Amino acid sequence: MTILKITEGKGGLFERKPFCRLPCNRLRVSKVNVGEFSVKTVAYEIRGGRVSMSRLKRACKGDFGNLIYAGEYPIDCKGLGVFQPLEYYGRLCGNLGITCLQIMGKNGYPLRVGLYDPKGDFADFTELIAAHSREAVVVTENTYVYRDESRRLLWEMGTPLSVCKKADSLKDCDLIIAPAPLKSPVALRRDSVLLTVSKPMFDTGAKVYYKYAVKLPKPYSELSEFTEDTALVAGGLYSLCKLHSLGSAVPLLCSGDGDTQTYLSLCKSLLSQHLT
């Protein structure tokens with residue numbers, strides 16, 4: 001696994017004095033041994049001018065598909081073969097949602113929950129969702145996966161699991177867990193909470209959270225010195241290094257557009273809407 005980070009250092013394009021020569025951008029490549037894995041880090045510091053994609057491609061040669069990008073500076077992600085750990089982000093949003101459900105259910109406030117899972121990749125969430133919710137709705141294209149599961153849950157737990165294909169079925173849910181990006185516009189309740197893996201391209205009306213922070217266990221916590229995006233690093237370890245033990249992590253924080261929550265504060269937000 002390779003981690004690429006691009007930063008803008010002092011003496012950049014807008015800080016240099018008139019008629020001064022542009023300083024050279026800095027590129028540092030190193031390797032860090034964490035546990036049984038060797039992780040390559042590529043640090044590119046912009047000190048003047050543009051990012052040299054040719055230099056980056058040379059530094060990341062052989063890392064196509066195994067490269068995660070820790071930064072917001074716009075680059076050609078496809079050209080570099082940047083990997084997006086969306087599957088892991090899906091695990092995080094599901095774990096967070098189920099943790100909130102467990103807390104709410106134990107305190108006598110079960111919620112109506114929606115699970116958006118088009119491909120049926122996260123069917124293992126349904127048993128815990130059903131166990132701690134008042135009612136559950138699944139939106140999926142893979143109805144075959146959920147058909148028998150809905151019958152079993154109703155028989156064993158008495159919790160109805162509605163399975164449908166249209167995202168509009170989520171409109172009356174208190175909490176929506178979407179471990180896959182929403183593809184089509186959907187109007188949700190203003191007081192509902194949506195946990196997902198990327199910022200929706202349209203206004204859902206709900207409180208949306210799509211960024212997560214986790215605690216990296218030792219010795220992998222050493223990688224947090226290179227980037228603060230712990231969920232990205234954990235996602236790379238989970239998907240690229242097959243460290244599947246990280247898949248049970250519950251996020252310490254979730255955030256959306258200017259709003260950050262812990263799982264406890266998120267429960268308080270859900271409780272306040274439940275009581276109104």
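Look above for the structure.
Worth saying up front: this structure is predicted, and the values here are computed from it rather than measured. (Residues numbered from 1 in each chain as written. Predicted model: local features only at pLDDT ≥ 70, side-chain atom pairs only at ≥ 80, totals over all residues. Heavy atoms only, no water.)

**Student:** I keep staring at the overall build of the protein chain and nothing clicks. Help me out?
**Tutor:** Helix and strand counts for the protein chain stand at seven helices and 13 strands. Taken along its principal axes, the extent of the C-alpha atoms in the protein chain is 70 × 40 × 30 Å. Accessible area of the protein chain: about 14,500 Å², with a carbon and sulfur share of 52%. In the protein chain, 37 side chains carry a positive charge and 28 a negative one; their mean positions are 8 Å apart. (Helix = DSSP H or I, 4+ residues; strand = E, 2+ residues; numbered from the N terminus. Areas by Shrake-Rupley, 256 points an atom, 1.4 Å probe, with all protein chains shown as cover. Lys, Arg positive; Asp, Glu negative; His and termini not counted. Charge placed at Lys NZ, Arg CZ, Asp CG, Glu CD.)

**Student:** For this particular structure, what's the right way to read the pairing of strand 5 (residues 111-116)?
**Tutor:** Within a regular strand, the side chains alternate between the two sheet faces. Within strand 5, six of the six residues are buried, which leaves the element mostly enclosed by the surrounding structure. Across the two faces of strand 5 the burial is the same, with Leu111, Val113 and Leu115 and Arg112, Gly114 and Tyr116 all buried. Relative to strand 6 (residues 133-139), strand 5 runs parallel, the two sharing six bridges. Residue pairing in the sheet places Leu115 in a bridge with Val138 of strand 6. As a crossover connection, the stretch from strand 5 through helix 4 (residues 126-132) into strand 6 is right-handed. In this structure, strand 5 lies alongside strand 8 (residues 175-177), joined through three bridges in parallel fashion. Among the inter-strand pairings, Gly114 is bridged to a residue of strand 8, identified as Ile176. (Buried < 20%, exposed > 50% of the residue type's maximum accessible area, 1.4 Å probe, protein only. Pairing = 2+ DSSP bridges. Right-handed = clockwise from strand over helix to strand, strands pointing away.)

**Student:** How do you make sense of the sheet that holds strand 2 (residues 26-34) when you look at a structure like this?
**Tutor:** Pairing in this open sheet of four strands is mixed, and the strands run 2-3-1-4 from one edge to the other. If you trace the sheet from one side to the other, it starts and ends with strand 2 and strand 4 (67-69), each paired once. Pairs of neighbouring strands in the sheet enclose a mean axial angle of 20 degrees, with direction left out of account. By the bridge criterion, three bridges tie strand 1 (residues 2-8) to strand 4 in an arrangement that is parallel. Its bridge partner lying in strand 4, Ile3 is registered against Ile68. (Axes fitted to C-alpha atoms, helices over the stretch in contact; angles between N-to-C directions.)

**Student:** Would you mind going over helix 6 (residues 230-239) with me for this structure?
**Tutor:** An α-helix turns once every 3.6 residues. As a result, residues three or four positions apart point the same way. Burial runs high along helix 6: ten of the ten residues are buried. Listed as buried for helix 6 are Thr230, Ala231, Leu232, Val233, Ala234, Gly235, Gly236, Leu237, Tyr238 and Ser239. The inward-facing, buried residues of helix 6 abut strand 1, strand 3 (37-46), strand 4, helix 3 (86-106) and strand 11 (211-213). (Contact = heavy atoms within 4.5 Å.)

**Student:** For this particular structure, what's the right way to read the packing of aromatic side chains?
**Tutor:** By convention here, two paired aromatic rings are described through the distance between centres and the angle between planes. Per the stated rule, a full pass over the model turns up three aromatic pairs. Ring centres of Phe37 and Tyr220 lie 6.3 Å apart, and the angle between their planes is 40 degrees; on these two criteria the pair is classed as tilted. Placement of the pair is Phe37 in strand 3 and Tyr220 in the loop between strand 11 and helix 6, with a sequence separation of 183 residues. Here Phe37 falls in the buried class, since its relative accessible area comes to 16%. A centroid spacing of 5.6 Å and a plane angle of 20 degrees characterise the contact between Phe122 and Phe125, whose relative ring orientation is stacked. Each member of the pair, Phe122 together with Phe125, is buried. (Phe/Tyr/Trp six-rings, centres within 6.5 Å; stacked < 30°, edge-to-face > 60°.)

**Student:** Any chance you could explain the packing of helix 3 against helix 6 here in plain terms?
**Tutor:** Each packed pair of helices is defined by two parameters, the angle between the axes and the distance between the axes. Axis separation between helix 3 and helix 6 bottoms out at 8 Å; the angle between their running directions is 115 degrees. Taken as axis vectors, helix 3 and helix 6 run roughly perpendicular relative to one another. As helix 3 packs across helix 6, the resulting crossing turns out to be right-handed. Contacts from Glu87, Tyr88, Tyr89, Arg91 and Leu92 in helix 3 reach Ala231, Leu232, Ala234, Gly235 and Tyr238 in helix 6. For the contact of helix 3 with helix 6, the per-class residue count stands at seven nonpolar, one polar and two charged. (Parallel < 35°, antiparallel > 145°, perpendicular 65-115°, else oblique. Left-handed = near helix turned anticlockwise from the far one by under 90°. Nonpolar A, V, L, I, M, F, W, Y, C, P; charged D, E, K, R; others polar.)

**Student:** Just checking my understanding: could you explain a nonpolar patch on the surface for this structure?
**Tutor:** Together, Val250, Tyr263 and Leu264 give the surface a local cluster of nonpolar side chains, amounting to about 240 Å² of exposed area. Mapped onto the elements of the fold, Tyr263 is located in helix 7 (residues 263-275). Judged by relative accessible area, which is 32%, Tyr263 ranks as partly exposed. (Patch = residues over 30% accessible without salt bridge, like charges linked within 9 Å, V, L, I, M, F, W, Y side chains within 5 Å. Salt bridge = Lys/Arg side-chain N within 4 Å of Asp/Glu carboxyl O.)

**Student:** Would you mind showing me how to read the pairing of strand 2 here?
**Tutor:** Pairing geometry for strand 2 and strand 3, over nine bridges, is antiparallel. Looking at strand 3, one finds that Leu27 is bridged to Tyr44. Counting the residues in the hairpin turn of strand 2 and strand 3 gives two residues, including Gly35, whose phi is positive at 60 degrees.

**Student:** Help me understand the pattern of salt bridges, please; the structure alone is not making it clear to me.
**Tutor:** Side-chain pairs of opposite charge can arise where the charged atoms are in close proximity. The full count for this structure, using the stated rule, is twelve salt bridges. Between Asp203 and Arg190 there is a salt bridge, with the nearest N and O atoms lying 3.8 Å from each other. Of this pair, Asp203 sits in the loop between strand 9 (193-195) and strand 10 (207-209) while Arg190 sits in the loop between strand 8 and strand 9, and the two are 13 residues apart along the sequence. Each member of the pair, Asp203 as well as Arg190, is classed as exposed. Here the salt bridges do not stand alone but share partners, grouping Glu127, Glu149, Arg152 and Glu156 into one network.

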